[in-house]
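Results of the structural survey
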Amino acid sequence: PFVKVSEPTVVMTFSVNDSPFAGREGKFVTSRHLRARLMKELQTDVSLRVEDGATTDSFKVSGRGELHLTVLIETMRREGYEFQVSKPEVLYKTIDGVKCEPMERLVVDVPEEYAGAVIEKIGRRKGVMENMSGRGRVRLDFVVPSRGLFGYRSEFMTDTRGEGIMSTVFEGYEPYKGDIPTRNFGSLIAFETGEALTYGLFYAQDRGTLFCGPNTAVYTGMIVGQNARQGDIDVNVCRQKHLTSIRNAAGAETAMKLTSMRTLTLEECLEFIDDDELLEITPKSLRMRKRVLETELRKKLAAKKRAEANS
């Protein structure tokens, strides 16, 4: 009998890169190139769906989970394509007049001492544990909304000290499970275009974790780190120390060390970005950015959104 092809459950928007650094590193950068490559992929990937987006240079690409689309993105990147993608979103269905969402069966194999942390985190993400077995290393079976797994893989590896194993398979559609808490931190956003310097990064790292190092090219609106608290903060990582004619005694000047720096993988970038952010993908770089790059315009839009929410 014919094997049924799984329907897509996750959608992302692929669009032409329009950042200040657009066209610097990629070989294929136009909407024509992007459309041709996606249509070519449809010929061999039966679970993929491609539709025109809201604008002429964007496309809605649907696939069987976040990993499915991540593999496509990485393949295109290695082939020389340059583009940008939005945060992954699940595809909802209306069944008998009820809004339903895709569910995944999550199987976890972890050392017993880390099982409590996994159960707690999955519970927050509306997951339900159906079975627990084993000693020493335990096996946990959950049914969890697909959207509840966005951003969880990196947390899982941290909670299990890298010793945990997780796998998922599509379970079906069930009624909407309610709101799931999103990330509880903000972004550190570059205040100006230029080159990140050790001096500026040293004072920015007090705000959270940095994603870029010295001599990295940045632009206004680009995400350069994770804020330790909620809300976004603009930081000037291009700031340099003012030169003076006075020199300190030898050894008196403390060396500036960057202690909170982290390089994100493609999967971690997709897990990090929020609704108002994009991931710029080139053969050489991964840059997260705000949809609206201008600082003042972004603040005005945020104030307007808050006013609408309060009214």
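Residues numbered from 1 in each chain as written. Predicted model: local features only at pLDDT ≥ 70, side-chain atom pairs only at ≥ 80, totals over all residues. Heavy atoms only, no water.

Either a parallel or an antiparallel arrangement is found when strands of a sheet pair, and the pairing is made through backbone hydrogen bonds. The strand order across the open sheet built from 4 strands is β13-β15-β11-β16, with neighbouring strands paired in mixed fashion. The strands lining the two open edges of the sheet, one partner per strand, are β13 (208-210) and β16 (233-235). Strand-to-strand, the axes of this sheet are offset by a mean angle of 30 degrees, without reference to chain direction. Of the strand pairs in this sheet, β13 and strand β15 (residues 223-227) are connected by 3 bridges, and their pairing is antiparallel. Across the sheet, T209 pairs through a bridge with Q226, a residue of β15. (Pairing = 2+ DSSP bridges. Helix = DSSP H or I, 4+ residues; strand = E, 2+ residues; numbered from the N terminus. Axes fitted to C-alpha atoms, helices over the stretch in contact; angles between N-to-C directions.)

Our focus in this paragraph is helix α1 (residues 31-42). Taking 1.5 Å as the rise per residue, α1 with 12 residues should run 16 Å; its terminal C-alpha atoms sit 17 Å apart, in good agreement. Looking only at α1, the buried set comprises L34, R37, L38 and E41. Along the long axis of α1, the arc covered by the buried residues comes to 95 degrees, so they all point the same way. Counted as exposed and oriented over 90 degrees from the buried face of α1: R32 and K40. (Expected span 1.5 Å × (residues − 1). Buried < 20%, exposed > 50% of the residue type's maximum accessible area, 1.4 Å probe, protein only. Arc of directions from axis to C-beta.)

Of the positions making up helix α4 (residues 152-159), those classed as buried are Y152, F156 and D159. Viewed end-on, α4 has its buried residues packed into an arc of 70 degrees, placing them on one side of the element. Here the buried face of α4 lies against β7 (98-111), α3 (115-124) and β10 (165-175). (Contact = heavy atoms within 4.5 Å.)

Counting 29 residues, the largest nonpolar core has F14, L38, I73, F83, V85, L279 and M288 as its most contacted members. When residues of this core are traced back to their parent elements, those giving at least two are β1 (10-15), α1, β3 (58-63), α2 (66-78), β4 (83-85), α6 (266-272) and β17 (277-281). If sequence neighbours within four positions are ignored, L279 has contacts with F83, Q84, V85, L266, C269, L270, I273, L286, R287 and M288. Formed by 16 residues, the second largest nonpolar core is a distinct cluster that contains C212, Y219, V224 and V237. (Core = buried A, V, L, I, M, F, W, Y, C linked by side-chain atoms within 4.5 Å.)

Take the side chain of D159 next. Positionally, D159 belongs in helix α4. Take D159: its relative accessible area is 15%, and that puts it in the buried class. Among the polar contacts made by the side chain of D159, one reaches the side chain of K121 at a distance of 2.9 Å. The contacts of D159, once residues within four sequence positions are left out, are Y114, A117 and K121. (Polar contact = N/O pair within 3.5 Å; in protein donor to acceptor, adjacent residues only side chain to side chain.)

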